Amino acid sequence: MKIALLGNPGAGKSLIFNQLTGLGIEVNRYPGSSVCLECGNVCYKKEKIEIIDLPGIYSLDGSSEEEIIVRKFLERRGADILIAVLDATKLERSLYLFTQVTEFSQKIIVVVNMIDEAERQGLIIDGDQLSSCLGVPVLLTAASEGRDIDRILPLALGSGRVATIQVPYDHHIEAALKSLEKTLGTPRYKSLLALQGTGEDRMLLDAAGAVSHEIELRHRMSVRQIIATNRHNMCRKIAASAVRQGDRKKTYDLDSLLTRAFPGVPILVAVLFFLLLSVFVIGSWMEGIIVALFTTSVITPFTALALPTLWDRIGFSMLIALQAGLGIAFPFIFTFYLGLSLLEDTGYMTRAAFLADRAMHRLGLHGEAIIPMVIGFGCTVPAVMSLRILKTRREQTIAAFLISMVPCSARTVVIAGIVAAFVGILWAFSIYIIVFILIIFTAVILSRITPGEQFGMIVEMSALRRPQVRLVLAKSWLRIKEFLFIAMPVLIITSIGLGLLQYFEWTDAFQQVVAPITVNLLGLPEYASTALLFGVFRKELAFETLAVLAGTADLGSVMSSAQLYGFAIVSVLFIPCTSTIAVLYRQLGARITALISIYTVFLGLLIGAVINILMK
Amino acid sequence: MESSLREDYLEAVQHFFEKKGHHPSYEELAVALSKPESVVRSDMKVLVSSGDVSLLAGGVISLTGQGQQTGSSVIKKHETLQCFLSEILGMDSSAASDEACTLEHAVSDETIDRLGQLMVKQDGQRHFGQRGHGMQDRSGTCRAGEEECQYPSIADCTEGEHIIIHCIQGRASAKRLLDLGMVPGERVFVKRKVSNGALVVQVKGCDVALSPEIASVIGVERLK
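One numbering rule holds for all chains: residues counted from 1, following each sequence as written. Written order decides the labels, with chains lettered from A and ligands numbered from 1. With pLDDT at 70 or above as the cut-off, local features in this predicted model cover only qualifying residues; side-chain atom pairs require 80 or more to be listed or tallied, and sums for whole chains, interfaces and linings still use all residues. Only hydrogens and water are set aside when side-chain values are computed; all heavy atoms of the structure are taken into account.

### Concerning the overall build of chain B
Here comes step 1: Going along the chain from the N terminus, every DSSP run of H or I of four or more residues is numbered as a helix, and every run of E of two or more is numbered as a strand. Scanning chain B from terminus to terminus reveals eight helices and seven strands.
Here comes step 2: When a residue's accessible area, from a 1.4 Å probe over protein chains only, is under 20% of the maximum for its type it is buried; when over 50% it is exposed; and in between it is partly exposed. Looking at chain B as a whole, 47% of its 224 residues are labelled buried.
Here comes step 3: Two residues form a contact once any of their heavy atoms are found within 4.5 Å. Long-range pairs, those at least 24 residues apart, make up 56% of the contacts in chain B between residues at least 6 apart in sequence.

This is the structure:
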């Protein structure tokens, strides 16, 4: 028995899902996409029930990845019973998706969630009236308090049924639906999609296209608009009959602070700064503990085994990669994700996007792009994965370039370990400033030369609410799993590869070949090239390798300040790490990945050479 | 004097002026209205006393500010009605003109405004129709041009304004707006507008943030 949850983003679907399934969530990456479907199993009356949390969407006839996935899921009847989660505070708007779902004629129940929030706003929702309007059972719940969540499954299994409502479309549309059904035998939902130009059946699309053209001429409105208006009108009627506005308690509107230029923008800057600062402080503290623990409990015993050299090398490289993954991924990225999930769950990120809209426009992007950019400070891999929230290829391309340049936590380790420690803390900040200037410069150029249409921001501002600890943790955990899933294998494979390089002493040959560049152009010692090469594998390794090759942890004694500074800036700018390249390739294809790699290599060498000349 | 007669005179004088570039004499006005000159002379005296007309040297009739305003407004009404009757309803153009002469005195300013907007829309639709034939994009949304929407856009509105959405232009990507309830006829409240032109609008109880370029494709009607 399979049950699927669907609803608008922010309707509390995930919280309900978490409460229904408890722990033990599996995340299945949907084939061929980066959208995750969360599945969990529960046992109810000795029967195993699989619960699927579909991605939050606003509509079923769009072309975003999420919408297509949910549509396909419904088309192949992926679940036996559907649970439509509606937002009690936005009942009318949530019903819009429900009207579309009913067109698929599948067993369904309605859960009106966040009833506690609606009560606070003085909204009184008549569940029985709603149930008789929709023709399906309706349950009022408050997931944040856990109210009536336990009644969802019994109701779904016991009385889930096909909804009786049907949107009364404009008579021209209805006529078209009838004639398509008669001539081609297409079901209603499919014809509706075809009239809006969506679908794969060429014959159906052609037939529907001719009719919709006719209708558009007659109505002076696109068919999409007509259909949307018809649906919204019905939702309005239903909501009007089921919702009553009682006394509204006066509450202070925090948005009067958060969404104004002042003090909103200073707050935004402070929030982001605090986020990064706490990630750095907590992250480096945890990193120290984990790395030390791993060294004493795993690496030392392993080296004590004294395996044959080749195997020792391979095993050692693997362990080092694991240690790095756990030492960096876990402390920095997980802390970062905690902070980010916290910000998202309070609803602040949408405000940040709104405020950042203008600044982002200057970079050829729009407000929503702030989210991948901020994630990029934690780790570039998930930042690239989050690029899909941007709607056009143009924006994704520009943002991918910029994200690849944003100093991630691993690069912060390089800056802190080399420059802050041996040159000076102000010099360390100057690297950030140089990188930011280069990012802005890159963005300005790219926004002029990148082909494609600029598309703006349309974001629903999520309601400000108190985050749920459990949900924040669950979300961060899911994300870190996503990271481990992609980055870890790459990390281990490249680590072994580099170990072998060292074993067969190919790195010396490499050093010889690139010596002119390292020594003459960048003014660095010969062995720095190997450190930079290792930095491609993962950024903070550039720092560690440099120390190993220099033969001392006191880098200040073997390299001049100018050399250290130059080395740090080159390794920060230089080509993204292998995990990033892998995920870039998956998300944007070979061409953009190659362009980004070439550009950053060029930029790193250029800036390194300039620093070398200036500081000589 | 009856108000319709007054309006006819003022209209005629203004029309003559706009067409010929100078003000009419009694004789010219009488010809234009096909009335005896004596009647015109006596009626003019009444209009002079009501402050609509001033007589210049040599029997030339000119309009005061008030008279000119009325005259122009009646001409506009006449033209709009005549256009509506002939273009939209398909009446014969001279019959349309005659009928417009009667209707113009009774019709309200609002009706004329709305008729005007309707015809602008119709006009836009004709362009839309022509484009429509070549429109084979899969999204199927209308890609009508700028001329379709003669309304101010949300981007022109200020914080705190209540508006009604009138039309959403072109762009396939505006689909998300429809999903969020931004459909023609929907009442919307402009909750926040920051100096960069980005807005937060309240629609169906939800706050939606829009970039300036998105806001500029949404034609609206402002509510006072």
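### Things to note about the packing of aromatic side chains
Residue and element names in this part refer to chain A.
Here comes step 1: Stacked, tilted and edge-to-face are the three classes assigned to paired rings of Phe, Tyr and Trp, where Trp is represented by its six-membered ring and a pair needs centres within 6.5 Å; plane angles under 30 degrees give stacked, over 60 edge-to-face, the rest tilted. Scanning the model with the defined rule gives nine aromatic pairs over all chains in all.
Here comes step 2: Residues Tyr503 and Phe504 carry aromatic rings whose centres are separated by 5.0 Å and whose planes lie at 80° to one another, so their mutual orientation is edge-to-face.
Here comes step 3: On the accessibility criterion, Phe504 (43% relative accessible area) is partly exposed.

### Side note on the domain arrangement of chain B
Here comes step 1: Here chain B is described as being made up of domain 1 (1-107) and domain 2 (146-222).
Here comes step 2: The source of the domain bounds is an automatic or database domain assignment. Between the C-alpha centres of domain 1 of chain B and domain 2 of chain B the distance comes to 42 Å.

### Let's talk about the domain arrangement of chain A
Here comes step 1: Here the domain parsing of chain A yields domain 1 (1-248) and domain 2 (264-458 + 467-615).
Here comes step 2: A C-alpha centroid distance of 41 Å is found between domain 1 of chain A and domain 2 of chain A.

### A word on the sheet that holds strand 4 (residues 187-193) of chain B
Here comes step 1: The six strands lie next to each other as 11(A)-6(B)-5(B)-4(B)-3(B)-7(B), forming an open sheet whose pairing is antiparallel. Single-partner strands in this sheet number two, and they are strand 11 (458-460) of chain A together with strand 7 (218-222) of chain B. Direction aside, neighbouring strands of the sheet carry axes that sit 40° apart on average.
Here comes step 2: When DSSP finds at least two bridges between two strands, those strands are taken to pair. Relative to strand 5 (residues 199-203) of chain B, strand 4 of chain B runs antiparallel, the two sharing four bridges. When the bridges of strand 5 of chain B are listed, Arg192 of chain B appears paired with Val200 of chain B. Convention adopted: a line fitted to C-alpha atoms gives each axis, helices being fitted over their contacting stretch, and angles between N-to-C directions are expressed from 0 to 180 degrees.

### Section: the packing of helix 24 (residues 561-573) of chain A against helix 26 (residues 590-615) of chain A
All names here are of chain A.
Here comes step 1: Taken N-terminus to C-terminus, the directions of helix 24 and helix 26 make an angle of 165°; their axes are 8 Å apart at the nearest point. As the angle between them shows, helix 24 and helix 26 are arranged roughly antiparallel. Relative to helix 26, the crossing made by helix 24 is right-handed. Where helix 24 approaches helix 26, its residues Ala562, Tyr565, Gly566, Ile569, Val570 and Leu573 are matched on the opposing element by Thr600, Leu603, Gly604, Ile607, Gly608, Ile611 and Met615. Throughout, the term roughly parallel applies to angles under 35 degrees, roughly antiparallel to angles over 145, roughly perpendicular to angles from 65 to 115, and oblique to all others. Should the near helix be turned anticlockwise from the far one by less than a right angle, the crossing is left-handed, and should it be turned clockwise, the crossing is right-handed.

### A word on the pairing of strand 6 (residues 206-210) of chain B
Here comes step 1: The element strand 6 of chain B is extensively covered by neighbouring structure, given that five of its five residues are classed as buried.
Here comes step 2: Burial along strand 6 of chain B is two-sided: the face carrying Cys206, Val208 and Leu210 of chain B and the face carrying Asp207 and Ala209 of chain B are both buried.
Here comes step 3: Of the pairings in the sheet, the one linking strand 11 of chain A to strand 6 of chain B comprises three bridges and is antiparallel in character. By the bridge assignment, Val459 of chain A is partnered in strand 6 of chain B with Ala209 of chain B.
Here comes step 4: As paired elements, strand 5 of chain B and strand 6 of chain B share five bridges and run antiparallel to each other.

### Quick word on the pattern of salt bridges
Here comes step 1: The salt bridge definition used is simple: a Lys or Arg side-chain nitrogen within 4 Å of an Asp or Glu carboxyl oxygen. For the coordinates displayed, the defined rule picks out 29 salt bridges over all chains.
Here comes step 2: Glu92 of chain A is paired through a salt bridge with Lys204 of chain B; the nearest N and O atoms lie 2.5 Å apart. With Glu92 of chain A in helix 3 (residues 91-102) and Lys204 of chain B in the loop between strand 5 and strand 6, this residue pair bridges two chains.
Here comes step 3: A salt bridge links Lys204 of chain B to Glu186 of chain B; the nearest nitrogen and oxygen atoms lie 3.3 Å apart. Placement of the pair is Lys204 of chain B in the loop between strand 5 and strand 6 and Glu186 of chain B in the loop between helix 7 (175-179) and strand 4, with a sequence separation of 18 residues. In terms of burial, Lys204 of chain B and Glu186 of chain B fall into one category: buried.
Here comes step 4: Here the salt bridges do not stand alone but share partners, grouping Asp61, Glu103 and Arg231 of chain A together with Lys175 and Asp179 of chain B into one network.

### Here we look at the pairing of strand 1 (residues 2-7) of chain A
All names here are of chain A.
Here comes step 1: In terms of residue burial, strand 1 counts as a mostly covered element, since five of its six residues are buried.
Here comes step 2: Pairing analysis gives four bridges linking strand 1 to strand 4 (residues 47-53), with the strands arranged parallel. The residue of strand 4 that forms the bridge with Leu5 is Asp53.
Here comes step 3: The pairing of strand 1 with strand 5 (residues 81-87) spans five bridges and is parallel.

### Structural notes on helix 12 (residues 261-304) of chain A
Because an α-helix packs 3.6 residues into every turn, residues spaced three or four apart end up facing the same way.
All names here are of chain A.
Here comes step 1: How far a helix is expected to stretch is found by multiplying one less than its residue total by 1.5 Å. For helix 12, built from 44 residues, the straight-helix expectation of 64 Å at 1.5 Å per residue is met to within 8% by its first-to-last C-alpha distance of 61 Å.
Here comes step 2: Working definition for bend: take the seven residues up to and ending at a residue and the seven starting at it, fit an axis to each, and measure the angle between the axes. Maximum bend of helix 12: about 40°, positioned at Thr295.
Here comes step 3: Of all the residues in helix 12, the buried ones are Gly264, Leu268, Leu275, Val279, Gly283, Glu287, Phe294, Ile299 and Phe302.
Here comes step 4: Looking one or two residues beyond helix 12, the residue adopting positive phi is Ala306, at roughly 55°.

### A closer look at the confidence of the model for chain A
Here comes step 1: Each residue carries a pLDDT value, the predictor's own confidence for that position, ranging from 0 to 100. For chain A, the average pLDDT comes to 85, and 97% of its residues sit at 70 or higher.
Here comes step 2: Segment residues 29-33 of chain A: pLDDT under 50, and 13 contacts once partners within four positions in sequence are set aside and those in other chains are kept.

### Quick look at the confidence of the model for chain B
Interpreting fine coordinate detail is not advised for predicted regions of low pLDDT.
Here comes step 1: When pLDDT is averaged along chain B, the result is 79; 84% of the residues meet or exceed 70.
Here comes step 2: The low-confidence segment residues 124-148 of chain B, where pLDDT is below 50, has 50 contacts with residues more than four positions distant or belonging to other chains.

### A closer look at the interface of chain A and chain B
How large an interface is tends to be reported as the accessible area lost when its parts come together.
Here comes step 1: In this assembly, 49 residues from chain A lie in contact with 46 residues from chain B.
Here comes step 2: With both sides pooled, the region where chain A packs onto chain B buries about 4,100 Å², and carbon together with sulfur makes up 55% of that total.
Here comes step 3: At the junction of chain A with chain B, the criterion picks out four salt bridges.
Here comes step 4: In this structure, Arg236 of chain A engages Glu186 of chain B in a salt bridge whose closest nitrogen and oxygen atoms are separated by 2.5 Å.
Here comes step 5: Polar contacts, as counted here, are pairs of nitrogen or oxygen atoms within 3.5 Å of one another; within protein the pair requires one atom able to donate a hydrogen and one able to accept it, and residues that are adjacent in sequence qualify only if both atoms are side-chain atoms. Our count for the contact surface shared by chain A and chain B stands at 16 residue pairs in polar contact (both at pLDDT 80 or more).
Here comes step 6: Secondary structure elements with two or more residues in the side of chain A that touches chain B: helix 3, helix 9 (202-219), helix 10 (223-242), helix 11 (255-258), helix 14 (348-362) and strand 11 of chain A.
Here comes step 7: With six residues, helix 10 of chain A is the largest single contributor of residues to the side of chain A that touches chain B.
Here comes step 8: Polar here means any residue outside two lists: the nonpolar Ala, Val, Leu, Ile, Met, Phe, Trp, Tyr, Cys and Pro, and the charged Asp, Glu, Lys and Arg; Gly therefore counts as polar. A class-by-class count of the residues in the side of chain A that touches chain B yields 14 nonpolar, 17 polar and 18 charged. Buried area adds together the accessible area that both of two parts lose upon being put together, with accessible area traced by a 1.4 Å probe.

### Quick word on the nonpolar core
Here comes step 1: Among buried residues, those of type Ala, Val, Leu, Ile, Met, Phe, Trp, Tyr and Cys that are joined through side-chain atoms within 4.5 Å constitute a nonpolar core. Phe354, Ile418, Leu546 and Phe567 of chain A are the most contacted members of the largest nonpolar core, which has 96 residues in total.
Here comes step 2: The contact partners of Leu546 of chain A, leaving out residues within four places of it in the chain, are Ile418, Tyr527, Ala528, Ala531, Leu541, Leu555, Met559 and Phe567 of chain A.
Here comes step 3: Grouped together as the second largest cluster of nonpolar side chains are 88 residues, Val138, Ala208 and Ile215 of chain A together with Ala174 of chain B included.

### Structural notes on a nonpolar patch on the surface
Here comes step 1: Only residues whose relative accessible area exceeds 30% and that form no salt bridge are eligible for patches; like-charged ones are grouped when within 9 Å, while nonpolar side chains (Val, Leu, Ile, Met, Phe, Trp, Tyr) are grouped when within 5 Å. For the area figures, the Shrake-Rupley method with a 1.4 Å probe applies, and any residue is considered shielded solely by the protein chains shown. A contiguous nonpolar surface patch, about 630 Å² in accessible area, is contributed by Phe273, Leu277, Val281, Ile282, Trp285 and Ile289 of chain A.
Here comes step 2: With a relative accessible area of 35%, Ile282 of chain A lands in the partly exposed category.

### Considerations on the packing of helix 3 of chain A against helix 10 of chain A
Residues and elements named next belong to chain A.
Here comes step 1: Relative orientation of the contacting elements helix 3 and helix 10 amounts to 120°, with a least axis distance of 9 Å. Our classification of the angle between helix 3 and helix 10 gives oblique. Read as a crossing pair, helix 3 and helix 10 show a hand that is right-handed. In contact with Glu92, Leu95, Tyr96, Thr99 and Gln100 of helix 3, helix 10 contributes Ala228, Arg231, His232, Met234, Cys235, Arg236, Ile238 and Ala239.
Here comes step 2: Of the residues that constitute the contact of helix 3 with helix 10, the class distribution is seven nonpolar, three polar and three charged.

### Brief notes about unusual backbone geometry
Negative phi characterises most residues that are not glycine, and trans characterises most peptide bonds.
All names here are of chain A.
Here comes step 1: One non-glycine residue with positive phi stands out, namely Lys45, at about 50°.
Here comes step 2: Summarising the element assignment, Lys45 is placed in the loop between strand 3 (36-44) and strand 4.
Here comes step 3: Here the phi dihedral of Ser105 falls at roughly 45°; this positive angle occurs in a residue that is not glycine.
Here comes step 4: Summarising the element assignment, Ser105 is placed in the loop between helix 3 and strand 6 (107-113).
Here comes step 5: Residue classification places Ser105 among the partly exposed residues on the basis of a relative accessible area of 40%.

### Some thoughts on the environment of Arg187 of chain B
All names here are of chain B.
Here comes step 1: Here Arg187 lies in strand 4.
Here comes step 2: When the C-alpha positions of Arg187 and Cys167 are compared, they lie 12 Å apart, and in sequence the two are 20 residues distant.
Here comes step 3: For Arg187, the residues in contact, after removing those within four places along its chain, are His162, Ile163, Ile164, Gln202 and Leu223.

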